[in-house]
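The lines below spell out each chain.
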Amino acid sequence: MKKVLDSSLESETAEEEVKEAAKQSHLSGDEVAVLRAEWLKGRKFKVRLDVLFSFGLLTYSENPNLENYMTAVDKVVKTTIRENELLTTYCWYDPGYGPCVQDHTTDDSYEDPRNRPNVRRILVIAAIPIFLINGISIREAREGICDGLQKTLQNGELVLIAKRGG
């Protein structure tokens, strides 16, 4: 019975597998569903959350290389999770997935206050995949990650890490 319940969690046809389990065990579908629900109570679930964030980047380049910035974001996320007890307990970050640029566009309305020629602002939208286990809300995870990123953007640390090559 446990094997059938295990496989039903990972299947797109979980409902059919519950019915099959009922046939095999001579239990009604409702009885199998109750057993499955009780079995699930103690399980930890992993959910992937893509935390989206954006930032502006002043550059001379029309198409800047954003790889070092994503490497810097990677380092900031690792530090943020390590330094936040709630995130350390309930979030998991796999650098193999890493942050990635979703979109970047030139802000045509930007006017450089110092009148530097050819300086433009690029607006970058990036995603950071975080895995959550039950015990933390999506809001808490998103706010924790974004707070860490916001602090490093405000104090200039993100740019310094990126300029050092990530």
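This text follows the structure it describes.
Only a predicted model underlies this, so the values are computations on that prediction, with no experimental measurement involved.

Draft legend 1. Spatial organisation of unusual backbone geometry. Despite not being glycine, asparagine 115 has its phi angle at roughly 55 degrees, a positive value. Within the element layout of this structure, asparagine 115 appears in the loop between strand E3 (100–106) and strand E4 (120–133). Residue classification places asparagine 115 among the exposed residues on the basis of a relative accessible area of 68%.

Draft legend 2. Up close: the pattern of salt bridges. Per the counting criterion, the structure on display carries 6 salt bridges. With its nearest N and O atoms 3.9 Å apart, the salt bridge here joins arginine 120 to glutamate 62. On the criterion of sequence distance, the pair formed by arginine 120 in strand E4 and glutamate 62 in the loop between strand E1 (46–59) and helix H4 (67–83) is long-range, its members being 58 residues apart. Where aspartate 112 meets arginine 116, a salt bridge forms, and the shortest distance between an N and an O atom there is 2.8 Å. Assessed through its relative accessible area of 10%, aspartate 112 is described here as buried.

Draft legend 3. A look at the packing of H4 against helix H6 (residues 138–154). Relative orientation of the contacting elements H4 and H6 amounts to 125 degrees, with a least axis distance of 9 Å. The orientation of H4 relative to H6 falls into the category oblique. Regarding H4 and H6, the two cross each other, and that crossing is right-handed. In this structure, H4 contributes Val73, Val76, Val77, Thr80 and Ile81 to the contact, and H6 contributes Gly144, Ile145, Gly148, Leu149 and Thr152. A per-class count over the contact of H4 with H6 returns 6 nonpolar, 4 polar and no charged.

Draft legend 4. Up close: the side chain of threonine 80. Relative to the helices and strands, threonine 80 is located in helix H4. At 2.8 Å, the side chain of threonine 80 forms a polar contact with the backbone oxygen of valine 76. With near-sequence residues (within four places) excluded, threonine 80 lies in contact with Leu87, Gly144, Ile145 and Gly148.

Draft legend 5. Spotlight on the environment of tyrosine 90. Mapped onto the secondary structure, tyrosine 90 falls in helix H5 (residues 85–90). The class of tyrosine 90 is partly exposed, set by a relative accessible area of 26%. Sequence separation between tyrosine 90 and serine 137 is 47 residues; the distance between their C-alpha atoms is 9.4 Å. For tyrosine 90, the contacting residues outside a window of four places in its chain are Phe131, Leu132, Ile133, Asn134, Gly135 and Ile136.

Draft legend 6. The arrangement of the packing of aromatic side chains in detail. One pass over the full model with this rule turns up 4 aromatic pairs. Seen in terms of ring centroids, phenylalanine 53 and phenylalanine 55 are 5.8 Å apart; in terms of plane orientation they differ by 15 degrees. Their pairing is stacked. Measuring from centroid to centroid gives 6.2 Å for phenylalanine 55 and tyrosine 69, while their planes differ by 35 degrees, and the two rings are tilted. Of this pair, phenylalanine 55 sits in strand E1 while tyrosine 69 is found in helix H4, placing the two residues 14 residues apart along the sequence.

Scoring rules and cut-offs
Residues numbered from 1 in each chain as written. Predicted model: local features only at pLDDT ≥ 70, side-chain atom pairs only at ≥ 80, totals over all residues. Heavy atoms only, no water. Helix = DSSP H or I, 4+ residues; strand = E, 2+ residues; numbered from the N terminus. Buried < 20%, exposed > 50% of the residue type's maximum accessible area, 1.4 Å probe, protein only. Salt bridge = Lys/Arg side-chain N within 4 Å of Asp/Glu carboxyl O. Axes fitted to C-alpha atoms, helices over the stretch in contact; angles between N-to-C directions. Parallel < 35°, antiparallel > 145°, perpendicular 65-115°, else oblique. Left-handed = near helix turned anticlockwise from the far one by under 90°. Contact = heavy atoms within 4.5 Å. Nonpolar A, V, L, I, M, F, W, Y, C, P; charged D, E, K, R; others polar. Polar contact = N/O pair within 3.5 Å; in protein donor to acceptor, adjacent residues only side chain to side chain. Phe/Tyr/Trp six-rings, centres within 6.5 Å; stacked < 30°, edge-to-face > 60°.

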